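# Geometric and topological summary
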Amino acid sequence: MYRRLKIRQILTSTLTTVASITIISIGSIESSWAEESYTQSLQELYDLRDRTVAQLESLPTPRKQLFFSDNDDTVLKKQENLLQKLQEIDVQILIEQRANDNWRQALTLGAQASEVGETPNATVKTRETEKHLWQQALSNLEAIPTDSIIAEKTTKKIKEYQRSLNDSYYQLNLTKSNFLEKIRKDSGLSSRATIAICNLRRKCLDLNGNKPPASPASLIKVPVAVAAMQKASQENISLDTPIYVSRGNFTEDASEIRARKPYPLKTLVGQMIDHSSNIATNQLIDYLGQPYINKVLKDDGYKVMSVNYKLMGNRIMPKNPGKGRNTLTSNELTDMMVSIYNYEYPNSDVLIEALARQKDRLLGYAALEELPEVKWLGEKTGENSRALGTTLGLSINGEVYVITVIDSRGGRDPQIRTSINQVAKYLMDNDDLLSYR
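In what follows, the accompanying structure is described. (Residues numbered from 1 in each chain as written. Predicted model: local features only at pLDDT ≥ 70, side-chain atom pairs only at ≥ 80, totals over all residues. Heavy atoms only, no water.)

Turning our eyes to something else, we now look at the state of the cysteines. Overall, the coordinates contain 1 disulfide when judged by the stated rule. Shown here is the disulfide that connects Cys-198 with Cys-204, its sulfur atoms set 1.9 Å apart. The chirality of the disulfide connecting Cys-198 with Cys-204 is right-handed, given an S-S dihedral of about 115°. Classification of Cys-198 by relative accessible area gives buried; the value is 6%. (Disulfide = S-S within 2.5 Å. Buried < 20%, exposed > 50% of the residue type's maximum accessible area, 1.4 Å probe, protein only.)

To continue, consider the layout of surface pockets. Within this model, the largest pocket holds a volume of roughly 860 Å³. For the largest pocket, the lining is made up of 37 residues, of which Ser-218, Asn-278, Met-312, Glu-383 and Asn-384 are closest to its centre. Tallying contributions element by element places strand S5 (residues 374-383) first for the lining of the largest pocket, with 4 residues. A class-by-class count of the residues in the lining of the largest pocket yields 11 nonpolar, 14 polar and 12 charged. (1 Å grid on protein atoms, 1.4 Å probe; cavity = no way out; pocket = protein on both sides within 12 Å on 5 of 7 lines; lining within 4 Å. Points joined across faces, edges and corners; volume = space filled by probe spheres on them. Helix = DSSP H or I, 4+ residues; strand = E, 2+ residues; numbered from the N terminus. Nonpolar A, V, L, I, M, F, W, Y, C, P; charged D, E, K, R; others polar.)

Moving on to the sheet that holds strand S6 (residues 388-396). Across a sheet, paired strands are connected by hydrogen bonds in the backbone, their directions being either parallel or antiparallel. Read across the sheet, 5 strands follow the order S2-S1-S7-S6-S5 without closing on themselves; strand pairing throughout is antiparallel. The two strands at the open ends of the sheet, each matched to only one other strand, are strand S2 (204-207) and S5. On average, each strand axis in the sheet is tilted by 10° relative to the strand beside it, whichever way the strands run. Two elements, strand S1 (residues 194-199) and strand S7 (residues 399-407), share 6 bridges in a ladder whose sense is antiparallel. Paired with Cys-198 across the bridge in S7 is Val-402. (Pairing = 2+ DSSP bridges. Axes fitted to C-alpha atoms, helices over the stretch in contact; angles between N-to-C directions.)

What follows deals with the pattern of salt bridges. Using the criterion set out here, one finds 16 salt bridges in the structure. Taking the shortest distance from any N to any O, the salt bridge between Glu-128 and Lys-131 comes out at 3.2 Å. Here Glu-128 and its partner Lys-131 are both found in helix H4 (residues 124-142), 3 residues apart, which amounts to about one turn of the helix. Residue classification places Lys-131 among the buried positions, given a relative accessible area of 10%. (Salt bridge = Lys/Arg side-chain N within 4 Å of Asp/Glu carboxyl O.)

Our focus in this paragraph is the nonpolar core. Grouped burial of nonpolar side chains is what soluble globular proteins tend to show. Counting residues in hydrophobic clusters, the biggest one holds 51 residues, and the most contacted among them are Leu-265, Leu-268, Val-269, Met-336 and Ile-340. The dominant element in this core, judged by the number of residues it contributes, is helix H6 (residues 221-234), at 8 residues. Not counting residues up to four positions away in its chain, the partners in contact with Val-269 are Ala-225, Ala-228, Met-229, Leu-284 and Leu-351. One finds Leu-180, Ala-193, Ala-367 and Leu-433 within the second-largest nonpolar core, a separate group that totals 31 residues. (Core = buried A, V, L, I, M, F, W, Y, C linked by side-chain atoms within 4.5 Å. Contact = heavy atoms within 4.5 Å.)

Among the structural elements, Glu-344 can be located in the loop between helix H10 (330-341) and helix H11 (348-356). Under the relative-accessibility criterion, Glu-344 is labelled partly exposed at 43%. In this structure, Glu-344 is in contact with Arg-202 and Ser-339, ignoring residues within four places of it in sequence. At 2.9 Å, the side chain of Glu-344 forms a polar contact with the side chain of Arg-202. Among the polar contacts made by the side chain of Glu-344, one reaches the side chain of Asn-342 at a distance of 3.2 Å. (Polar contact = N/O pair within 3.5 Å; in protein donor to acceptor, adjacent residues only side chain to side chain.)

A few words on the packing of H6 against helix H9 (residues 290-299). In contact at an axis separation of 9 Å, H6 and H9 are set at 95° when each is read in the N-to-C sense. Classed by the angle they form, the pair H6 and H9 counts as roughly perpendicular. Contact residues: Pro-223, Ala-227, Gln-230, Lys-231 and Gln-234 in H6; Tyr-292, Ile-293, Val-296 and Leu-297 in H9. Within the contact of H6 with H9, the residues separate by chemical class into 6 nonpolar, 2 polar and 1 charged. (Parallel < 35°, antiparallel > 145°, perpendicular 65-115°, else oblique.)

Our focus in this paragraph is the pairing of S6. With 9 of 9 residues buried, S6 is to be regarded as a mostly interior element. By the alternation rule, side chains of S6 split into Leu-388, Thr-390, Leu-392, Leu-394 and Ile-396 and Gly-389, Thr-391, Gly-393 and Ser-395, which are all buried. Across 9 bridges, the pairing between S5 and S6 is antiparallel. Paired with Lys-375 across the two strands is Ser-395, which belongs to S6. Remark: 4 residues form the turn of the hairpin made by S5 and S6, two consecutive strands paired antiparallel.

Next up, the structure:
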């Protein structure tokens, strides 16, 4: 009776100590019973523990005497070895119990994720729930020690669940992007319209965002401005440096810029953005050189965006207009605007101020007027006979976004406004829309 009580006290002490350990590696336990302890299930560990307890109980009790005999020493040594073995078995049992608990929980979460993923007409919130469940399931599996009895099947299950998680990310992104197609249709934009949205952490969604519009129109002035700021910084050129506007760069223009007069570099850049000056743009293209502008864009990683042709009004073609077409995509332009609002370019503050002074407020600015929760930060519009578009910065509850909408059919202000208004409302109602990846 005394021996059973002693064994029970030892087991209780072992479990209490081990229970306070967060992560235990079975491989770190020095075992004197390697061959016997090779088990393939938790039940086998239970059976092994029972046999060890039975062996302890079967040992004779040494007689109380002044000197122990050799037989008594042998019995005590066996007791010591068996007690150590029992403690190691209990440690492994506790670890395997935890591993099995994590395994069962992972399977439960995986089943729930699969069920949620099969929901008809899944919403963004449904897809978010599915993704979260797969992440939790993987977390449980990854908590199982690599030397656990169930390590092999755990490794296989991790690979399976990781594929499911990746698929849930894809479905989530697809679902998030689907709302843009609905907005395009509801607002009356053409099937060639492109929409891109990013926050300043570059979490983005788009609709046809990688497809170049029929023309970038005056939106191409944003990369020209960025290149001008780069040159000023690289070559230590003051923004007050006067630049003479040649007669050959004249075309129809609604800005204050006139040919055959000098203007500070900062003024030309500002008028190009806030008044959409064609004359200023053409002079800056000459000043910078098309090869330099396009090298800046290429170095920044823009594969489509390029400046190859000067801007003209209704009738007057500037001198040496260039060859080829100006090109960009909504995704690239949106990314460039994010860089501006993140102050990643030299003299970004100059560009931000120019965007905020935008004279043409018939698109993005007008679209947000009825939304007091949304703050318009700045904008650049563009329009010609082939395309109409705008790229703008806005703030919702302290989160800054950039939205770019371009439709390859000019003269559709109401549709552009409606689309921007609906995108802003959607962002207001789904503030975690761009929280993925």
